[in-house]
There are 4 protein chains.
Amino acid sequence: AKLWGGRFEESVTDAVERFTESISFDKALYKQDIMGSRAHASMLAHQGLISVSDRDSILQGLDKIERCIEDGEFVWRTDREDVHMNIEAALTDLIGEPAKKLHTARSRNDQVLTDFRLWCRDAIDNIVAHIEHLQVALVTLAMKNENLIVPGYTHLQRAQPILLQHLLLAYVEQLDRDAGRLLDCRHRLNFCPLGACALAGTGLPIDRFMTSHDLGFNAPMRNSIDAVSDRDFVLEFLSANSITAIHLSRLGEEWVLWASEEFGFLTPSDSVSTGSSIMPQKKNPDPMELVRGKSARVVGDLVTLLVLCKGLPHAYNRDLQEDKEPVFDSTKTIIGMLEVCAEFAQNITFNCEKIKKSLPAGHLDATTLADYLVKKGIPFRTSHDIVGKSVALCVSKNCQLQDLSLDELRSVNPVFDEDVYEFLGAENAVKKFCSYGSTGSECVAEQLDFWVTKLQINTAGHK
Amino acid sequence: AKLWGGRFEESVTDAVERFTESISFDKALYKQDIMGSRAHASMLAHQGLISVSDRDSILQGLDKIERCIEDGEFVWRTDREDVHMNIEAALTDLIGEPAKKLHTARSRNDQVLTDFRLWCRDAIDNIVAHIEHLQVALVTLAMKNENLIVPGYTHLQRAQPILLQHLLLAYVEQLDRDAGRLLDCRHRLNFCPLGACALAGTGLPIDRFMTSHDLGFNAPMRNSIDAVSDRDFVLEFLSANSITAIHLSRLGEEWVLWASEEFGFLTPSDSVSTGSSIMPQKKNPDPMELVRGKSARVVGDLVTLLVLCKGLPHAYNRDLQEDKEPVFDSTKTIIGMLEVCAEFAQNITFNCEKIKKSLPAGHLDATTLADYLVKKGIPFRTSHDIVGKSVALCVSKNCQLQDLSLDELRSVNPVFDEDVYEFLGAENAVKKFCSYGSTGSECVAEQLDFWVTKLQINTAGHK
Amino acid sequence: AKLWGGRFEESVTDAVERFTESISFDKALYKQDIMGSRAHASMLAHQGLISVSDRDSILQGLDKIERCIEDGEFVWRTDREDVHMNIEAALTDLIGEPAKKLHTARSRNDQVLTDFRLWCRDAIDNIVAHIEHLQVALVTLAMKNENLIVPGYTHLQRAQPILLQHLLLAYVEQLDRDAGRLLDCRHRLNFCPLGACALAGTGLPIDRFMTSHDLGFNAPMRNSIDAVSDRDFVLEFLSANSITAIHLSRLGEEWVLWASEEFGFLTPSDSVSTGSSIMPQKKNPDPMELVRGKSARVVGDLVTLLVLCKGLPHAYNRDLQEDKEPVFDSTKTIIGMLEVCAEFAQNITFNCEKIKKSLPAGHLDATTLADYLVKKGIPFRTSHDIVGKSVALCVSKNCQLQDLSLDELRSVNPVFDEDVYEFLGAENAVKKFCSYGSTGSECVAEQLDFWVTKLQINTAGHK
Amino acid sequence: AKLWGGRFEESVTDAVERFTESISFDKALYKQDIMGSRAHASMLAHQGLISVSDRDSILQGLDKIERCIEDGEFVWRTDREDVHMNIEAALTDLIGEPAKKLHTARSRNDQVLTDFRLWCRDAIDNIVAHIEHLQVALVTLAMKNENLIVPGYTHLQRAQPILLQHLLLAYVEQLDRDAGRLLDCRHRLNFCPLGACALAGTGLPIDRFMTSHDLGFNAPMRNSIDAVSDRDFVLEFLSANSITAIHLSRLGEEWVLWASEEFGFLTPSDSVSTGSSIMPQKKNPDPMELVRGKSARVVGDLVTLLVLCKGLPHAYNRDLQEDKEPVFDSTKTIIGMLEVCAEFAQNITFNCEKIKKSLPAGHLDATTLADYLVKKGIPFRTSHDIVGKSVALCVSKNCQLQDLSLDELRSVNPVFDEDVYEFLGAENAVKKFCSYGSTGSECVAEQLDFWVTKLQINTAGHK
C-alpha cells in the first residue's frame, strides 16, 4: 500500500503505476537522499522534535541501507514509487517506529529538490574537472607542436596562416567560459530547499539554517513556494551543458575534417579509431563524429526541460518528475564527450610535412601584403584593391604571391619595393603578426604561458 | 577482436569503447535484425551466392539465437559493438564457416537501416492501435454522457454552452489526423535499403526485389547513397509523435483543470489518482499531469534528431548511431501517454449536478442572443453591440440574461420580443445550434454515429 | 474604439496595444481574408441571411479594398488590431450598413483559421514548385557531368568510388519525399473551418458546404471546437519544412566542403560567391553556408510552435495568435534556400581533372576487391580480412592496390589471379557495380532516365 | 560594386543578393557600429596609423551619419550588404579619402562582433531594468494585499492556505535569479574582440587595450580566433532569456487561471483586457495569454542559435550572420513580456470576498492538523494516517475539518483535544506556520521588508 493511501480505497492500475513510477531512474539520487535524511534527522533531534535515540536508530538504519545499496543488494520496489519512499519504507522495515518520525516537517516536494540540487552540484564539479582535463590535454598538444603553421579558415576557405597552438588555445578559451558558466550556475543553485515542505513551510520549530549548513549549502532558500516550484537551476545547468556541447561539436567537426584524406592534417592512432565491416581500408575518426552527434542529445535534453516547465502554474506539479532523466542524460553525455575529446587529443599526430607542403595554396599571405601597403601609407581600401589585383594576377598565372616578380607586382602598383618579399609566404606572414591576441609567435607563446600557469601544467617533459 | 580489425594494430581505449558502443540500446532491434538476415540468406542462396546448405545452417542458427535472446539467455558483449556484430559473431560461434558468408553483399550501413525501418514500421502500427483504443475510450465516454452541457471556453473564459460529447469528439478528430500522419509516414518509410551495402551497392548479383518483398516492403529504395545517408523517415516519425504528444498535453491540461476544486467538473477514480506524502486530503490527477509533462520528452527527442542530422555530409556518418535512442524513447513515451489517457477516460465521472449548477455563470447565451437579433433583421455588428449593453446591464444587476425583464431588455433596444426567452439559458442556447459540425444536439448525434461506425464500437451496453 | 468595445469602459494601455497587436504581420493574410469574406457573403445571400444588394455592396467594397492594398495605398491601423478588423472597418467606412452584416455567423476564430489554411495551402504549392525546380537543376547538373567519378564518403573518409550523377540523384530522391510530405500535409489541412464561429457553430441557417466548396476545400471540418482549437496543420507543415531544411543543410555542408581548397572538387561562379573585406584573395561559397545556417531558423520556427501549443486547453486561446510569424518565416526561408540551391547548382563547375587525379588516394577499390574474392568462393568475412591485409601492405609501401604485383597480392593470399586487375582502380570498380540502385553506370543511367521523365526535363540540349 | 569586388568579374544574382543580405536587420547595430568606429579611429590616430586630421574627418563624418540615421534620412542600400559597409561607404561619399583608412587593421569579422557584444550589453541592461520594474510592481501588489489568504496548490489541487504576498514574493525571487543570470552573462561577454581582424590579428601596431577601454569592455579578448569564431555569448544570453520567459509563462498561466469564472480570484481592469468579436460578454486576459504564448518564441530563438552553431568549424562561417535576428527578437519579446506583466500587476484587483468564501473547500488545514498531532507526540506517518481518516470522514459528511465535533475526531483517534480547533480553518492554519521562508505572517512580513529595502520601494503610500 502507498504511504499516502489513507483515504484511498482502490490501488492504481498497472498501466498507471508503470507510467508514473520514477524509481527506475530516481534511485540515482540515493546518496543525496540519505545525506539529506541524515541532516534532517540530526536537526529534528537538535530541535527536540525527535529523541536522540530515535535519531541514532535512524542514522544507523540509513548507514545500513546505504551500504546495502552500494553492495547492490537493495531491492528497489516499483510499488514504493520513488527513491524517497523506497528508502523510508526500507528504514521502517529495519528500525520500525522511529522511521515513521523521519518525515516530520518534510515533504517529498522539498526532499526531492534537496536531493536534486545536491546531485547537480556534484555533477557540475565533475564536469568542471573534466573540462579542465581537456584543457590540459589541448595545451599539452599545443606544447608538442611548437611552430607548426596551419591554414586558418573563414568560410572553410583558406584565409590566413596561423599557428596550430593559436587554434588549440582558442578551444581552451571557450572551455574556460564553459567552466565559468557552470560555476555561476553552481553558486546560484546552492541554496537549500529543505524545510519548504509541501509548499508553505511548517508550523514545527525546525532550524533550516542548520540543515542548510550541514549539507554545504550557502543558505536556506528564502521562499518556500519558490523552493518547491522552480526548476530554473536545471534549465541553467542544461543550458550551460548545451553551450559546452556546441563547442565540442565544433571541435568534432574540425578534427573529422582534418582527418579526411583531403585535408590530411592529422592522423588519429588506432586506439581512437574504428574500421568498417565492409571496406577494409577504412580508418574512421568515429569518436569525434560521435562527439559532434551527441551534442544533439544535450540540446534535446535542454529543450525537453524548457517544454516541460512552460506554462505550469505554482507550486509543484507532477510533470516536474520528468526533470531528472534529461539532467542525468545530459551529465553523462557531456562527461563522455569531454573524456573522449581529451583522449583523442592525446592520440593524434599532426602531419607536419603534408601541412607544410599545402601551405602555399590559398594566398594565405594576401592580408599581410595589404598590411605592407598600409605601412607604405596606402589607405587600407586602396591596399585591399591592389592586393586583390595581385591575387588575380597570381590566379591567371597559377602561382603564389611570392612567385610574382617585383616588376609584375609594380605592374599592379608602383608602390611595391624589394622589402615586400619579407611579407610573403606563410612563414613570413606569421612572423609579422604582433597585435595582442594575434597568431604572432610571441603573442601565442605568451598565451601559452598563461594557460600553462593557470592550469598548473608540468612542462618538465617539454622543451 | 573487432570484425573490422584487419589492419588495426591497437584496440580502442576503454573510454572510447564505452562512448562508441551501441549494444546497450540497439539490441532492441534483434528481432528485425534476425528477420533481415533470414531474408538476406535466402536471397543469397536463391542467387547462388551461398549454398543451400549454408543457408539452412544460417537459418537454423538464427532460430536458435532468437530463442536464446527471447529466453534472456543471450550474452550481449560490448566488445562486439552492436546488435549486428553480436548476432553475427554468435552465429559464427554456433555454426562456424557458413556464418562468415552471411555478410556477403551487405554492410552494417544498409543492415541497420533495414532493421530500423522494420522497427519503426512495427512501432507505428502499435501506436496507431493505441490511438484507436483511445478514440474508442473517448467515444464510449461520450456515449455515457448524453445531453450533458458544459461551458465551452475561449481564453479560458466561458464562451458558449457546448455538449460534452462535442468536446470529446473534438479530441477524437485530432487523434484521427494523428493516425493519418503516422500512416503516411509508414507508407513513405516502407522501402527497402537492403543491398545498398556501404553506400554504393554491390557488384555481386543480388536480387533486391526479393528481399524487399520478403520483408514486406513496398519496393527496394532506388538510390543506394540515399538509402544509407538519410534519416528523414525518423524525423517524420518523431514529428508525427510530437504532434500527437502536443494534442495529448492539451487533453492533460484540460482534465487537470476540470479535476480541480475550482472547476470540479470531473472526479477521477482512485485507480487513476495518487495522494500526497504530507497532505492527507489530496487526490491528484497525476497521470494526466504526467501526460502533459511527458509531451516534453517527445518534443525533445525530435529536436535531438533534427540537431543530429543538421549539416552532415553524405553518406553515412557515425553521428547517425545516435538516431535510435530518441526513437525508442519517443515510441515508449507516446504509447504510455495514449494508454494512460484511455485508462483515465474509462475512470472518470463527470459531476453533472455541479456542472449544471455552474452553467448560468458567464453569460454563455450571449451569442445566441445576438443570433436572435440577426434573425430579427439587425445587422450583426449592431446586434453584438446591443447584446454587449445587455450584458453590461446584467453585470450591474449581478444577474443573468434570462433574468432581465422584457422591459429591461427593451430599455437597451426596443427590438426584443417575448420570444427572446426561448433563446436564453444554456439549455435553450444549445438547442438553437444547427450548423454542420456545431454543438447542436442533432449535429453532435450525427457525428457520434459517424465515429461509432468508423471505430466499430459495440453500442449494445448503451441506450 | 475596438469593435468588441460594447461593455468596455477603458481602452487598453499603449504597452498592451503594442504587445497584443497582430496587424504588423497578419496583414499578410489580406488576400485570403478577402477571398474568405467573398465566399461568406455569397453564402449568406444564398441562404437569405443578407440581401443580394447587401452582398453586391460587400463584394464591390472588397474588390476596392483589395486593389487599394495591392496598390500600397491601404492604411493599416494598429488600433484596429488585426487584418480582419482592418478590412471590416474599412469596408464599413466604404459601404456603411451592409458591412455590419458581413460578420453574421462568423467569428474571428473561424475566420482567421480559414485565412490561415488557405495561406498555408498556397505556401505549400509554392514550396513544392520550388522543390521541383531544384530537382530539375540537380538532374540537369547530373546530365552535364556524365561519367564523372568522385569519391564516395562514409565518416568523411573515402569509401568507394561513385558516379557524381548517383550522388546528385540521391538529393533528388530526398527532395521527392520532401514534396510528398508537404502534399500529404496539404491534403490533411484542406478542410474548411468557416462556420465553426467562435467554437460552437451557429444557430443561423448557413451552408458550410457551399463556402467550403467555393474556397476549394475538400469539405467543411466536422467538429467546430476542433476547427478553432487545433493547430496541428501548422505543426505538420513546419515539420515538413524542417525536414527539407535539414536535407538542404546537408547539401550546403557538402558543397561548402567540395568548394574548399582541400577538396577542390567544385568552383562556384562569381555570381554565387562573395569576397572578403580584408582578405582580397577570398572567394567564399556564402550562399551554401547560409543555406546550412538558415536551416536553423526553420527548426527554431517549428520548436516555437510546438512550445506554443503545448498544454493549452480548448478552445481558442490568445497564445495562438503567435502561430503566424513562425509559419511566414519558415515559408520565406525554405523558399529562399531552395531557390539559392538551384541557382548554385546552375552555377558551379566540377573540377574534373583535379577530381580524377585525386581518385587513386583512399583505396576506393578495396570493397570491389572483396567482391572479387567472394566471387572466387571465399567467404565474405575471410575476403574482408584478406583485403584488409592487402591494404596494410599498400600503406606500408605507400602505394595503391592496383600497384601491387600479383606476387605481392599472392603473398597475402594465393587465391588472387591475373583477372584481379580488372577489379582495381576507381574506373574498374565503378564498372563492376550491378545491383539495383547501385552506382554502376547502367543502374545510374536508368535512374537518371526515370527522373528526366518524371520531371519532364527537356534533354534536347544534352547528348 | 561590392567593396571586396577586386578580383570578381560578375556580380551576384538577385536571388543570392536577396538571400545573403543582412542590412534589413543588422542596421539595428548602427549605434554600436559608429561607436566602435569612433574608438577605432581614435586608436589608429593615437598609434600613428592615420593622421589626426584624418581622424577628425572620420569622427565628424560619423557624427553626421549618426544624426542622419536618427533623423530617418539615411538610405540603407541592399547592394552595400550590411550595416558596416553601408556606413563606411556613406562615410566615403561624405569625406572621401580618409574614410578608406578606417578599415585599417580591422575586418568585418571583429567589427560585427564588437558591435554585437555592445548591443547585447545594452540589451541586458535594458532587460534587467525591466525585471526590476516587474519586481517592484509585484512587491507593490503584495503591499496592497496584506493578510489576503489564498489556496496554495500542488497538482492544481488545493493543498495548504498561503498568504498571497508569499506567492507574489516567490515570483520576485525567481526574477531575481533571472537578473543574476543576465548579469553573469553580461560580465562574461564584456570582452573586446576588436583587433582580432579576420581571425589572426594584425601586423600593424594597434593598441587593443585602448579601444577595449574606450568602449567600456573589461579587457580585449585573449585569442583572436576565439574572438571571431565563437557565439557562446549569444547562446548564454538567449538561454537566460528563455529561463525568464519560462518563469513568465508560468505567471501567465496562473493569472489566466485566476481570472477564469471558475477560480474568480482576480479581475483585470479593462485597460489590460480585450473583448470578443462575436461574444459580447467576454472579457479576456489576453495580455497574460500572450505572455504565456510568447515564451515559445524566446525558446525557439534559442533553439535556432543552438542549431546554427552546431558543428561549425573555425573560424568565421557565413552561417553566423543568422545570429542576429533571434537575438533581436528574443530581446524585444522578453522586454514586451516583462512590461506587460508589470502593467497587468498594476491593473488587477483580487476578489477578496470570493476568495475568502472559497477557502473552506479543499481541507487546506489538513497538514496543519498533522503538525498538531506531531506536537502531541504522534509519529508523522501515523499522524498523516489519522488526518487521512479524518478527511475521509469529512468527505462522507460533506463538511470541513473544523466542522467535525471533538467526539467525531476522537472516533478517529482519541488523541484529539479541545485545542485542536486552534489549528483548524485556513486563518488558523496560516497563523501556525513559523519556519524560515514559510507562509507564516511574520515570516512573510520579514521577506517583504527584505524586498522593499532591496528594491528601494517607497512605502509612503502604503500602511
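Computed from a predicted model, the values in this text were never measured in an experiment. (Residues numbered from 1 in each chain as written. Chains lettered and ligands numbered in written order. Predicted model: local features only at pLDDT ≥ 70, side-chain atom pairs only at ≥ 80, totals over all residues. Heavy atoms only, no water.)

### Regarding the pairing of strand β2 (residues 157–163) of chain C
Residue and element names in this part refer to chain C.
And step 1. Burial analysis of β2 places seven of its seven residues in the buried class, which makes it a mostly covered element.
And step 2. As paired elements, strand β1 (residues 149–154) and β2 share six bridges and run antiparallel to each other. Across the sheet, the residue bridging to Y153 is R158, located in β2.
And step 3. Two successive antiparallel strands, β1 and β2, enclose a turn made up of two residues, where H155 displays a positive phi of approximately 60°. (Buried < 20%, exposed > 50% of the residue type's maximum accessible area, 1.4 Å probe, protein only. Helix = DSSP H or I, 4+ residues; strand = E, 2+ residues; numbered from the N terminus. Pairing = 2+ DSSP bridges.)

### Quick look at the relation of the copies chain A and chain D
And step 1. Note on the copies: chain A fits chain D at an RMSD of 0.1 Å, the axial shift is 0.0 Å, and the rotation between them is 180°. The symmetry that links the two subunits is that of a two-fold axis. For chain A, the residue whose C-alpha comes nearest the rotation axis is S239 of chain A, separated from it by 3.1 Å.
And step 2. Taken as a fraction of all interface residues of chain A, those also at the interface in chain D reach 99%, which identifies the copy contact as same-surface. (Least-squares fit on C-alpha atoms with pLDDT ≥ 70 in both. Contact = heavy atoms within 4.5 Å.)

### Re the environment of R80 of chain D
Residues and elements named next belong to chain D.
And step 1. Note that R80 resides in the loop between α4 (52–70) and α5 (83–95).
And step 2. The exposure class assigned to R80 is buried, which follows from its relative accessible area of 17%.
And step 3. Between the alpha carbons of R80 and T267 there is a distance of 53 Å; along the sequence they are 187 residues apart.
And step 4. Excluding anything up to four places from it in sequence, R80 contacts M85, N86, A89, A90 and D93.
And step 5. A polar contact of 3.3 Å, which involves the side chain of R80, links it to the side chain of D93. (Polar contact = N/O pair within 3.5 Å; in protein donor to acceptor, adjacent residues only side chain to side chain.)

### Quick look at the confidence of the model for chain A
Detailed reading of the predicted coordinates is not advisable wherever pLDDT falls low.
And step 1. When pLDDT is averaged along chain A, the result is 94; 96% of the residues meet or exceed 70.
And step 2. Confidence estimates for the predicted assembly give a pTM of 0.97 and an ipTM of 0.96. (pLDDT = per-residue confidence, 0-100.)

### Structural notes on the interface of chain C and chain D
And step 1. At the interface, 64 residues of chain C touch 64 residues of chain D.
And step 2. Summed over both sides, the interface of chain C with chain D buries roughly 5,600 Å², with 61% coming from carbon and sulfur.
And step 3. Applying the counting rule to chain C against chain D returns twelve salt bridges.
And step 4. Two residues, R292 of chain C and D319 of chain D, come together in a salt bridge whose shortest N-O distance is 2.7 Å.
And step 5. Run the count over chain C and chain D and you get 20 residue pairs in polar contact (both at pLDDT 80 or more).
And step 6. If you list the elements that add at least two residues to the side of chain C that touches chain D, you get α1 (14–20), α11 (286–309) and α12 (324–345) of chain C.
And step 7. Classifying every residue of the side of chain C that touches chain D by side-chain character gives 24 nonpolar, 20 polar and 20 charged. (Buried area = accessible area lost by both parts, 1.4 Å probe. Salt bridge = Lys/Arg side-chain N within 4 Å of Asp/Glu carboxyl O. Nonpolar A, V, L, I, M, F, W, Y, C, P; charged D, E, K, R; others polar.)

### Some thoughts on the interface of chain A and chain D
And step 1. Taken residue by residue, the interface counts 107 residues in chain A and 106 residues in chain D.
And step 2. Per-residue buried area on chain A facing chain D is highest for R222, R250 and R381 of chain A; these three make up 10% of the total on that side.
And step 3. At the boundary of chain A with chain D, the tally comes to 16 salt bridges.
And step 4. Linking R177 of chain A and D230 of chain D is a salt bridge whose minimum nitrogen-to-oxygen distance equals 2.7 Å.
And step 5. For the pair chain A and chain D, the interface holds 62 residue pairs in polar contact (both at pLDDT 80 or more).
And step 6. By residue class, the composition of the side of chain A that touches chain D is 45 nonpolar, 34 polar and 28 charged.

### Regarding the relation of the copies chain C and chain D
Mapping between the two copies of the chain is achieved by a rotation about an axis and a shift along the axis.
And step 1. Overlay of chain C on chain D (RMSD 0.0 Å): rotation 180°, translation along the axis 0.0 Å.
And step 2. In this assembly the copies share their binding face: 100% of the residues contributing to the interface of chain C also contribute to that of chain D.

### Here's the deal with the nonpolar core
And step 1. Grouped together as the largest cluster of nonpolar side chains are 595 residues, with contacts concentrated most on W255 of chain A, W255 of chain B, W255 of chain C together with W255 of chain D.
And step 2. Not counting residues up to four positions away in its chain, the partners in contact with W255 of chain D are L138, L141, L168, Y171, L266, M288, C341, F344, A345 and I348 of chain D. (Core = buried A, V, L, I, M, F, W, Y, C linked by side-chain atoms within 4.5 Å.)

### Considerations on the packing of helix α3 (residues 30–46) of chain C against helix α5 (residues 83–95) of chain C
Residues and elements named next belong to chain C.
And step 1. Between α3 and α5, the least distance of the axes is 10 Å, while the angle of their chain directions is 55°. If you check the angle between α3 and α5, you find them oblique. Note on packing geometry: the crossing formed by α3 with α5 is right-handed. Along the contact surface, α3 presents Y30, D33 and I34, while α5 presents V83, H84 and I87.
And step 2. Each residue belonging to the contact of α3 with α5 can be placed in one class, and the counts come to four nonpolar, one polar and one charged. (Axes fitted to C-alpha atoms, helices over the stretch in contact; angles between N-to-C directions. Parallel < 35°, antiparallel > 145°, perpendicular 65-115°, else oblique. Left-handed = near helix turned anticlockwise from the far one by under 90°.)

### Concerning unusual backbone geometry
And step 1. The omega angle of the peptide bond from H314 of chain B to A315 of chain B is -10°, so this bond is cis rather than trans.
And step 2. With respect to the secondary-structure elements, A315 of chain B resides in the loop between α11 (286–309) and α12 (324–346).
And step 3. With phi around 55°, L156 of chain C is a residue other than glycine that occupies positive phi space.
And step 4. Among the residues examined, L156 of chain C registers a relative accessible area of 4% and is labelled buried.

### Things to note about the pattern of salt bridges
And step 1. Taken as a whole and assessed by the stated rule, the structure comprises 156 salt bridges over all chains.
And step 2. In this structure, K100 of chain A engages E97 of chain A in a salt bridge whose closest nitrogen and oxygen atoms are separated by 3.8 Å.
And step 3. Take E97 of chain A: its relative accessible area is 41%, and that puts it in the partly exposed class.
And step 4. R186 of chain B is the partner of D125 of chain B in a salt bridge, and the nearest nitrogen-oxygen pair spans 2.8 Å. Of this pair, D125 of chain B sits in helix α6 (residues 108–144) while R186 of chain B sits in helix α7 (residues 164–189), and the two are 61 residues apart along the sequence.
And step 5. Within this structure, R177, D178, R181 and D184 of chain A together with R188, D226, D230, D232 and E236 of chain D form a network of salt bridges that share partners.

### Comments concerning the side chain of K324 of chain D
Residue and element names in this part refer to chain D.
And step 1. Assignment of secondary structure puts K324 in helix α12 (residues 324–346).
And step 2. What makes K324 buried here is its relative accessible area of 6%.
And step 3. Beyond its immediate sequence surroundings of up to four residues, K324 is in contact with F25, D26, L29, V112 and F116.

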